[in-house]
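# Overview (structure and organization)
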Amino acid sequence: MNIKEVGIIGSGQMGNGIAHVCALSGYKVVLIDIAQDALDKAMGVINKNLSRQVQKGKITQEDMDSSLDRISISTDSSTLNNADLIIEAATENFDLKVKIFQGLLEHIKDECLLSTNTSSMSITKLAAATNRPERFIGLHFMNPVPVMKLVELIPGIATSDEMLTITKEFAQSLGKTVATSKDYPAFIANRILMPMINEAICALYEGVGDVESIDTAMKLGMGHPMGPLALADFIGLDTCLAIMNVLHEGFGNPKYSPSPLLVKYVEAGWYGVKSGKGFYEYPKK
Ligand SMILES: CC(=O)CC(=O)SCCNC(=O)CCNC(=O)[C@H](O)C(C)(C)COP(=O)(O)OP(=O)(O)OC[C@H]1O[C@@H](n2cnc3c(N)ncnc32)[C@H](O)[C@@H]1OP(=O)(O)O
Ligand SMILES: NC(=O)C1=CN([C@@H]2O[C@H](COP(=O)(O)OP(=O)(O)OC[C@H]3O[C@@H](n4cnc5c(N)ncnc54)[C@H](OP(=O)(O)O)[C@@H]3O)[C@@H](O)[C@H]2O)C=CC1
């Protein structure tokens, strides 16, 4: 299958990053969200990130202009009628994702391939809610998408080998390196990362150290580019909690219980960078 046009659902930090790298690699992109505001904001972020690459001499102004020309935005999913591949990157909520896929099916081509950027959820279960589980896969980009080299590929139980090959080649065409994971809660990257972040929040909850000390310990002690609390804010505390809940429910092991402090912050609407407050404050620019 020759992928030319990619439909991306959800224009938050992941959706806009995926749109950026797809367009820069020559794909036509249709970026969908429920709110026009979100789409306008996403185009602003893509513009800013492409400009930064131009300033650093990584891409030319012409690359930037042609990439922007290849992206169209819409709140109407019927505009996905020409897409060869859909990448769903909406909020980490199972029922929402199922609703999105079911709403798409009447608009897309029979041969259109389906994928999800979910951080944790069962690919098999999401695939089963569509009419093409053999052409459904987890295509898990890392944040920030234009920078991080990894894409995790997660075939569900019904995913065909052909689908795995096509999507592997697609990810490689974006300049990414693929790691393949079996379809178990939170796959590989978040199975390992998220309990570490949760443990950092537990240490804060128990008063073992303050925010600065915990992040400094991991940055300077372990060479991590960001401390775990700053990284949690960057990912989104709502997303971190959703992933911990999938791990906890999926394995039934108390070691994955989300920290009560993480739960409390999400209850307060303190989602991190995207809401302006998490473990740190993020003044509106
Ligand atoms: C939750 C999930 O399901 C899975 C996940 O994604 S988990 C999260 C995985 N991501 C991480 O762990 C990120 C850890 N953090 C980092 O790697 C780094 O802190 C960072 C890349 C985010 C920023 O790096 P930094 O050195 O502090 O900042 P800075 O020098 O400004 O940026 C480094 C590069 O990233 C680019 N960059 C930074 N933020 C960016 C963004 N949001 N979008 C696009 N590009 C960005 C910069 O332009 C710069 O590019 P060059 O190397 O080409 O110059
Ligand atoms: N954050 C991260 O570091 C990573 C996240 N992921 C995964 O990527 C996905 C998106 O995460 P992220 O970008 O961080 O989340 P964000 O909260 O930044 O963005 C989600 C976007 O989806 C939109 N949305 C909600 N419902 C719909 C809908 N029905 N149709 C279209 N768009 C909708 C939201 O709109 P509104 O704001 O109006 O609700 C928002 O713009 C999640 O599955 C997450 O687990 C994967 C890798 C890394």
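Residues numbered from 1 in each chain as written. Chains lettered and ligands numbered in written order. Predicted model: local features only at pLDDT ≥ 70, side-chain atom pairs only at ≥ 80, totals over all residues. Heavy atoms only, no water.

Another aspect to go through is helix α11 (residues 260-267). Of the residues making up α11, those classed as buried are Leu-261, Leu-262, Tyr-265 and Val-266. End-on view of α11: buried residues confined to an arc of 135°, all on one side of the axis. Where the residues of α11 are buried, they touch α7 (189-205) and α10 (237-251). Backbone geometry just downstream of α11 places Gly-269 in the positive-phi region, at approximately 80°. (Buried < 20%, exposed > 50% of the residue type's maximum accessible area, 1.4 Å probe, protein only. Helix = DSSP H or I, 4+ residues; strand = E, 2+ residues; numbered from the N terminus. Arc of directions from axis to C-beta. Contact = heavy atoms within 4.5 Å.)

A contiguous patch of negative charge, built from Glu-62, Asp-63, Asp-65 and Asp-69, is present on the exposed surface. Inspection of the secondary structure assignment puts Asp-63 in helix α3 (residues 61-70). (Patch = residues over 30% accessible without salt bridge, like charges linked within 9 Å, V, L, I, M, F, W, Y side chains within 5 Å. Areas by Shrake-Rupley, 256 points an atom, 1.4 Å probe, with all protein chains shown as cover. Salt bridge = Lys/Arg side-chain N within 4 Å of Asp/Glu carboxyl O. Lys, Arg positive; Asp, Glu negative; His and termini not counted. Charge placed at Lys NZ, Arg CZ, Asp CG, Glu CD.)

With that settled, consider the packing of aromatic side chains. In the structure shown here, the tally under the stated rule is five aromatic pairs. Ring geometry for Tyr-265 against Trp-270: centres 5.0 Å apart, planes inclined by 90°, an arrangement best described as edge-to-face. Following the ring pairs from residue to residue traces out a cluster consisting of Tyr-265, Trp-270 and Phe-279. In this arrangement the basic side chain of Lys-125 is found over the ring face of Phe-94, its NZ or CZ atom lying 4.8 Å from the centre. (Phe/Tyr/Trp six-rings, centres within 6.5 Å; stacked < 30°, edge-to-face > 60°. Lys NZ or Arg CZ within 6 Å of the ring centre and 35° of its normal.)

What follows concerns the site of ligand 2. Around ligand 2, a shell composed of 23 residues is seen, among which Asp-33, Glu-92, Lys-97, Ser-119 and Ile-235 lie nearest. Between ligand 2 and the protein, one listed contact pairs an oxygen atom with a side-chain N or O atom of Asp-33 at 2.8 Å. At 2.5 Å, a side-chain N or O of Glu-92 approaches an oxygen atom of ligand 2. Summarising the interface, the protein chains cover 81% of the accessible area of ligand 2, which totals 900 Å² for the free molecule. Among the elements of the structure, α1 (13-24), α4 (94-104) and β6 (136-141) are those that each provide at least two residues to the shell around ligand 2. A total of three residues in the shell around ligand 2 trace back to one element, the largest contributor, which is α4. Classifying every residue of the shell around ligand 2 gives nine nonpolar, 10 polar and four charged. (Near = heavy atom within 4 Å. Polar contact = N/O pair within 3.5 Å; in protein donor to acceptor, adjacent residues only side chain to side chain. Nonpolar A, V, L, I, M, F, W, Y, C, P; charged D, E, K, R; others polar.)

What follows is about the confidence of the model for the protein chain. Chain-level statistics for the protein chain give a pLDDT mean of 98 and a share of 100% at 70 or above. Interface confidence in the predicted complex, given as ipTM, is 0.95; pTM for the same model is 0.97. (pLDDT = per-residue confidence, 0-100.)

A surface patch of positive charge is lined by Lys-48, Arg-52, Lys-56, Lys-58 and Lys-149. One can find Lys-58 in the loop between α2 (36-55) and α3.

What follows concerns the pattern of salt bridges. Counted under the stated rule, the structure contains eight salt bridges. Note that Lys-264 and Glu-267 form a salt bridge whose closest N and O atoms lie 3.0 Å from each other. Taken as a pair, Lys-264 and Glu-267 lie in helix α11 at a separation of three residues, close to a single helical turn. What emerges from the salt-bridge pattern is a single network uniting Glu-88, Glu-92 and Lys-97.

Before going further, it helps to examine the sheet that holds strand β1 (residues 5-9). In space, the eight strands of this open sheet follow the order β3-β2-β1-β4-β5-β6-β7-β8, with mixed pairing throughout. The outermost strands of the open sheet, each flanked by one partner alone, are β3 (71-74) and β8 (177-180). In this sheet, neighbouring strand axes are inclined to one another by 25° on average, regardless of whether the strands run parallel or antiparallel. Bridging between strand β2 (residues 28-32) and β3 involves four bridges; their strand directions are parallel. Within β3, the position partnered with Leu-31 by the bridge is Ile-73. (Pairing = 2+ DSSP bridges. Axes fitted to C-alpha atoms, helices over the stretch in contact; angles between N-to-C directions.)

As a further point, take the pairing of β8. With four bridges joining them, strand β7 (residues 150-155) and β8 adopt parallel strand pairing. The partner of Val-151 across the bridge, within β8, is Val-178. Crossover handedness for the path β7 to helix α6 (residues 161-173) to β8: right-handed. (Right-handed = clockwise from strand over helix to strand, strands pointing away.)

So, on to the site of ligand 1. Near ligand 1 lie 18 residues; those nearest to it are Lys-56, Lys-58, Ser-119, Asn-143 and Asn-190. Asn-49 is positioned with one of its side-chain polar atoms (N or O) 3.4 Å from a nitrogen atom of ligand 1. The side chain of Lys-58 places a nitrogen or oxygen atom 2.7 Å from an oxygen atom of ligand 1. Computed on the free molecule, ligand 1 has an accessible area of 1,000 Å², of which 65% lies beneath the protein chains in the complex. Where the shell around ligand 1 is concerned, the elements lending two or more residues are α2, α7 and α9 (228-235). A class-by-class count of the residues in the shell around ligand 1 yields 10 nonpolar, five polar and three charged.

Here the focus is the environment of Ser-173. For Ser-173, the location among the structural elements is in helix α6. With 151 residues separating them in the primary sequence, Ser-173 and Cys-22 have C-alpha atoms 8.9 Å apart. The contact partners of Ser-173, leaving out residues within four places of it in the chain, are Ser-25 and Tyr-27. Looking at Ser-173, its side chain comes within polar contact range of the side chain of Tyr-27, at 2.6 Å.

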